[in-house]
Structure formats: structure tokens, C-alpha cells
Amino acid sequence: MKSGRLFGCCAAMLYFAVSVCAAPVWAEPLEKIDSGARCAVCGMFVAKYPNWVTQIRDNTGNVKLFDGVKDLMAFYFAPGSFGADDKLTVEEIWVKDYYTLAWLDGRKAFYVVGSDVNGPMGEEFVPFQDQGAADNFLKDHHGSKRLTFNEITMEMVESMRSQHKMKGHMKH
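These numbers were taken from a predicted model, which means no experiment stands behind them. (Residues numbered from 1 in each chain as written. Predicted model: local features only at pLDDT ≥ 70, side-chain atom pairs only at ≥ 80, totals over all residues. Heavy atoms only, no water.)

Colleague: Describe the sheet that holds strand 3 (residues 90–96), naming the residues involved and giving the relevant values.
Modeller: The strand order across the open sheet built from 4 strands is 2-1-3-4, with neighbouring strands paired in antiparallel fashion. Lying at the two open borders of the sheet, with one neighbouring strand each, are strand 2 (63–66) and strand 4 (103–105). Direction aside, neighbouring strands of the sheet carry axes that sit 25 degrees apart on average. Bridge count between strand 3 and strand 4: 3 bridges; the pairing is antiparallel. Note that in strand 4 the partner of Trp-94 across the bridge is Asp-105. Running over the sheet, helix 2 (residues 69–77) touches strand 1 (54–58), strand 2 and strand 3 and is turned about 25 degrees from strand 1. (Pairing = 2+ DSSP bridges. Helix = DSSP H or I, 4+ residues; strand = E, 2+ residues; numbered from the N terminus. Axes fitted to C-alpha atoms, helices over the stretch in contact; angles between N-to-C directions. Contact = heavy atoms within 4.5 Å.)

Colleague: An account of the packing of aromatic side chains is needed here, citing residue identities and associated values.
Modeller: One pass over the structure, following the stated rule, counts 11 aromatic pairs. For the pair Tyr-99 and Phe-137, a centre-to-centre distance of 6.2 Å together with 70 degrees between the ring planes defines the contact as edge-to-face. On the criterion of sequence distance, the pair formed by Tyr-99 in the loop between strand 3 and strand 4 and Phe-137 in helix 3 (residues 131–140) is long-range, its members being 38 residues apart. By relative accessible area, Tyr-99 is classed as partly exposed at 43%. Members of the aromatic cluster, connected to one another through ring pairs, are Trp-52, Tyr-98, Tyr-99, Phe-128 and Phe-137. Looking at Arg-38, its charged tip hangs above the ring of Phe-45, at a distance of 3.9 Å from the centre. (Phe/Tyr/Trp six-rings, centres within 6.5 Å; stacked < 30°, edge-to-face > 60°. Buried < 20%, exposed > 50% of the residue type's maximum accessible area, 1.4 Å probe, protein only. Lys NZ or Arg CZ within 6 Å of the ring centre and 35° of its normal.)

Colleague: Tell me about the side chain of Glu-92, and name the residues and values.
Modeller: For Glu-92, the position within the fold is in strand 3. At 3.4 Å, the side chain of Glu-92 forms a polar contact with the backbone nitrogen of Glu-28. (Polar contact = N/O pair within 3.5 Å; in protein donor to acceptor, adjacent residues only side chain to side chain.)

Colleague: Lay out the sheet that holds strand 6 (residues 126–128) in plain terms, naming residues and giving numbers.
Modeller: As summarised here, the arrangement of the 3 strands in space is 6-5-7, forming an open sheet in which the pairing is antiparallel. Two strands in the sheet have a free side with no partner beyond their single neighbour: strand 6 and strand 7 (145–148). The mean inter-strand angle of the sheet, taken between neighbouring strand axes irrespective of direction, is 30 degrees.

Colleague: Describe the pattern of salt bridges, and please don't skip the residues or the numbers.
Modeller: Counted by the stated rule, this structure contains 4 salt bridges. Among the salt bridges present, the one from Glu-92 reaches Arg-57, with a minimum N-O distance of 3.5 Å. Separated by 35 residues along the polypeptide, Glu-92 in strand 3 and Arg-57 in strand 1 bring together distant segments of the chain. A single burial state applies to Glu-92 and to Arg-57, both of which are buried. Between Arg-161 and Glu-158 there is a salt bridge, with its nearest N and O atoms 4.0 Å apart. Within this pair, Arg-161 and its partner Glu-158 are both found in helix 4 (residues 154–161), separated by 3 residues, close to a single helical turn. Using a relative accessible area of 18% as the deciding quantity, one classes Arg-161 as buried. (Salt bridge = Lys/Arg side-chain N within 4 Å of Asp/Glu carboxyl O.)

Colleague: An account of the side chain of Thr-54 is needed here, citing residue identities and associated values.
Modeller: With respect to the helices, strands and loops of the structure, Thr-54 is situated in strand 1. For Thr-54, the side chain forms a polar contact with the main-chain oxygen of Gly-68, separated by 3.2 Å. Thr-54 has contacts with Lys-64, Leu-65, Phe-66, Gly-68, Val-69, Leu-72, Trp-94, Val-95 and Trp-103, leaving out every residue within four places of it along the chain.

Colleague: So what's going on with helix 4? Which residues, and what values?
Modeller: When we look at burial in helix 4, the residues that qualify are Val-157, Met-160 and Arg-161. Viewed end-on, helix 4 has its buried residues packed into an arc of 95 degrees, placing them on one side of the element. Its buried side turned inward, helix 4 meets helix 2 and strand 5 (110–113). (Arc of directions from axis to C-beta.)

In C-alpha cells, the structure reads:
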């Protein structure tokens, strides 16, 4: 009888320990961005544009930084094109709400495209925590469309990237 309870107790503790250890320990964005950190897609210094910084954390805990959602999505769709393993598993995607600058789960955010607000490299997917804020921004800034994460396509990303413009520079 005692050994049965002891076994049950040990099994419960083992299950709890495995459950806790199996869960990712990170589940939050990097708060401090090193001044030398570069966008994993275009090589731009991301700390110069803190309002636009985005992040991906893979299944090994490695974090890639980007100067906006557009480059994050380019990496997300084709990591092998930017020196990463094509079989990379993206665990976390972090973007900043345009108005509050709070970190958001990029998969749950709403995005506005075609607005009169540009990111560091031209047209950008502008992220919002809630649909109402995205819709207000769309109207106030003459956006063309509101999207969810799953509605963003590689074709949209490539179309935007083909028109990259840095302030004071022409596309080459």
C-alpha cells in the first residue's frame, strides 16, 4: 500500500518535472538590443530604429533581429536565403505595436499595408495588437488593407522588398 502511494507520488513528480522542462524557457522577446546588432536579412543596424525592431526565436533559442516586419517575413518564408537552415523551426515571432510600442506575439497581431507611414526601408507591414487600432490606422493613414499574420504571403513580401527605399537613398 505504501509502495503504491510512493510510486504514484514519484510518477506525478516526474510528470511535472518533464512537463516544466519540456516547455520553452524563453517565451519573451529580447529587451536589450545591442547597438551592433544587424538585421538578419538586409544587414542594417536595427538598434537605430527601436520602434521597428522585430525578432524571431528558433527552436534552439537563437534570436534573429530585423529592421521591420517585412524583412522578418522574408526570413520566415525562406530562412535558407539568408544563411539559416531551411528546416528552421520558428518558435516565437515578436513585433511591436505601432502605437504602444509594446511587444506582441507576431502571429496574433494585425498588420496594415499600403499606408502613408514608412518603416526604415520604405513600405512596411505596420503591426497592431488589436483589430480596432489597425482599422483606425488604416483609415487615418490611407492604408490599403488590414491583414492577419496568416494572410501575409511571400509574394506580398517580395513586392514590398523590391521597392526598398532608405531615406535619402535610391534603390540600386
